[in-house]
Amino acid sequence: MRPTPTFSFELYPPRNAEADAALQRELIPLVAAGPEFISVTYGANGSSRGVSLDVLRHLLHNTEVQPMAHLTCVGSSYAEASRLIREFLDAGVTSFLALRGDPPAGVAEEDVDLGDLRSAGELVQLIHNVQLEREPFLQHEVPGFPGAKRIASGRPVTIAVAAFPNGHPRSRSRSQDLDTLLAKEAAGANLAISQLFFEADDYLSFVDAARAAGVTMRILPGIMPVLSVARLHRVVQLSGEAVPTGLLRDLERAGAAEEAAAIGTTHATTLARDLLDGGASGIHLYTFNRSHAPLAVLGGAGLLDTTRIPA
Ligand code: FAD
């Protein structure tokens, strides 16, 4: 029988005290929903290190949800990246989304020092190496033999990586995206999370191609409920995705903000349903630190136990 599909959420580190208070409120229903994990983004070039870590610590110490730390490596030396990974592991985080990251906005790749780690795959390897150095082995009790210990290798870490169903903006071909994903798995990644996209077939055909190319890890589709025209333009600009003309037209026709939000939520819900029908093992929701739309999508997709959500 097919396992029950999972769901997970992405948060970003709040930028001020007011945003932090809002996040604490929104986290209550998000956590209560029972996600597989909650990931926390990492500001370009480490700009959000402390705040990201605060949110991860909050999840670790106050909830049962597994926190996942996004980490980027562009511009870092090996020593800096190793220190950063160690800091997160020391805080108790054992789940990572390893990313190369982008050079600062407006700066061409050729004009910037990209650092020692040239790709996400190298960061995946480094996370495994740092964890192995910290915890080379664990000692387990042997039942029935007091005092005896069984040695096992250290706690495994979950290392997710990014996947790009419609191609990374820097990629020259689909085969380059598939090769890059395969290389990340070969480096030790055990989960992939996709860039946002707007049509189920974008993801489903990419997964088929990835399987044919030899990728075996789970590939979770990333879904973003887009609740306004302004947000749609922004995410399309940031991700390099093509503008979804049908969704844009519907959002433009909406009168009030609530109407646009309902249209965006319905679009994301239909997408989630189509993905699950097509065989996706779960969905990862970009929340923008809000609970209403993501939970409505989960409800519409049949993944939410509403009795868990506080009134
Ligand atoms: P890589 O997989 O290493 O490379 C990306 C692409 O570059 C590859 O697909 C390939 O086409 C090309 N490429 C790689 N190596 C080579 C090479 N040697 N020669 C030629 N081409 C090459 N950014 C942040 O700053 N913070 C975040 O928290 C964050 N979270 C994200 C979460 C998700 C789910 C996704 C999809 C993206 C996120 N990003 C984030 C954005 C990400 O950092 C950028 O998309 C970045 O450009 C690529 O990172 P990557 O890990 O995919 O890199």
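Refer to the structure printed above.
Now for a description of the structure that goes with this document. (Residues numbered from 1 in each chain as written. Predicted model: local features only at pLDDT ≥ 70, side-chain atom pairs only at ≥ 80, totals over all residues. Heavy atoms only, no water.)

Some points on the sheet that holds strand E3 (residues 66–72)
Consideration 1: If you walk around this closed barrel you meet the eight strands as E1-E2-E3-E4-E7-E8-E9-E10, and the pairing is parallel. Sheet twist, expressed as the mean angle between neighbouring strand axes with direction ignored, is 30°.
Consideration 2: In this structure, strand E1 (residues 6–11) lies alongside strand E10 (residues 282–286), joined through five bridges in parallel fashion. Bridging across to E10, Thr-6 finds its partner in Gly-282.
Consideration 3: Contacts from helix H3 (residues 78–90) reach E3 and strand E4 (95–99), with the element oriented near 170° to E3. (Pairing = 2+ DSSP bridges. Helix = DSSP H or I, 4+ residues; strand = E, 2+ residues; numbered from the N terminus. Axes fitted to C-alpha atoms, helices over the stretch in contact; angles between N-to-C directions. Contact = heavy atoms within 4.5 Å.)

Quick look at the pairing of strand E8 (residues 191–196)
Consideration 1: Of all six residues in E8, six are buried, a share of seventy percent or more.
Consideration 2: A crossover links strand E7 (residues 158–163) with its parallel partner E8, the connecting element being helix H5 (residues 174–186), and its sense is right-handed.
Consideration 3: Relative to strand E9 (residues 218–223), E8 runs parallel, the two being bridged by four bridges. By the bridge assignment for E9, Ala-192 is matched with Ile-219.
Consideration 4: The β-α-β motif built from E8, the intervening helix H6 (residues 200–213) and the parallel element E9 has right-handed crossover chirality. (Buried < 20%, exposed > 50% of the residue type's maximum accessible area, 1.4 Å probe, protein only. Right-handed = clockwise from strand over helix to strand, strands pointing away.)

Observations concerning the packing of helix H7 (residues 229–239) against helix H8 (residues 245–253)
Consideration 1: Remark: H7 packs on H8, axes separated minimally by 9 Å, with the N-to-C direction vectors making an angle of 150°. Put simply, H7 runs roughly antiparallel to H8. Along its contact with H7, which presents Val-229, Leu-232 and His-233, the element H8 presents Leu-247, Leu-248, Leu-251 and Glu-252.
Consideration 2: For the contact of H7 with H8, a count of residues per class yields five nonpolar, one polar and one charged. (Parallel < 35°, antiparallel > 145°, perpendicular 65-115°, else oblique. Nonpolar A, V, L, I, M, F, W, Y, C, P; charged D, E, K, R; others polar.)

Quick notes on the packing of aromatic side chains
Consideration 1: The full count for this structure, using the stated rule, is three aromatic pairs.
Consideration 2: Their ring planes at 70° and their centres at 6.4 Å tell us that Tyr-42 and Phe-88 sit as a pair that is edge-to-face. Here the residue Tyr-42 occupies a position in the loop between strand E2 (37–40) and helix H2 (49–62), and Phe-88 occupies one in helix H3, the gap between them amounting to 46 residues.
Consideration 3: Judged by its relative accessible area of 11%, Tyr-42 is buried.
Consideration 4: With centroids separated by 5.8 Å and ring planes inclined at 15°, the aromatic side chains of Phe-197 and Tyr-203 adopt a geometry described as stacked. (Phe/Tyr/Trp six-rings, centres within 6.5 Å; stacked < 30°, edge-to-face > 60°.)

So, the environment of Gly-121
Consideration 1: Topologically, Gly-121 is positioned in helix H4 (residues 120–134).
Consideration 2: Along the chain, Gly-121 and Thr-158 lie 37 residues apart, while their C-alpha atoms are 14 Å from each other.
Consideration 3: When sequence neighbours within four positions are dropped, the list of residues in contact with Gly-121 reads Lys-184 and Ala-187.

Side note on H7
Consideration 1: The set of residues buried in H7 consists of Leu-232, Val-235, Val-236 and Ser-239. Take H7 and look down its axis: the buried residues cluster within an arc of 100°, on one side only. Away from its buried face, by an angle of more than 90 degrees, H7 presents the exposed residues Ala-230, Gln-237 and Leu-238.
Consideration 2: On its buried face, H7 sits against E8 and H8.
Consideration 3: Note on H7: the residue one or two positions beyond its end, Gly-240, has a positive phi of about 80°. (Arc of directions from axis to C-beta.)

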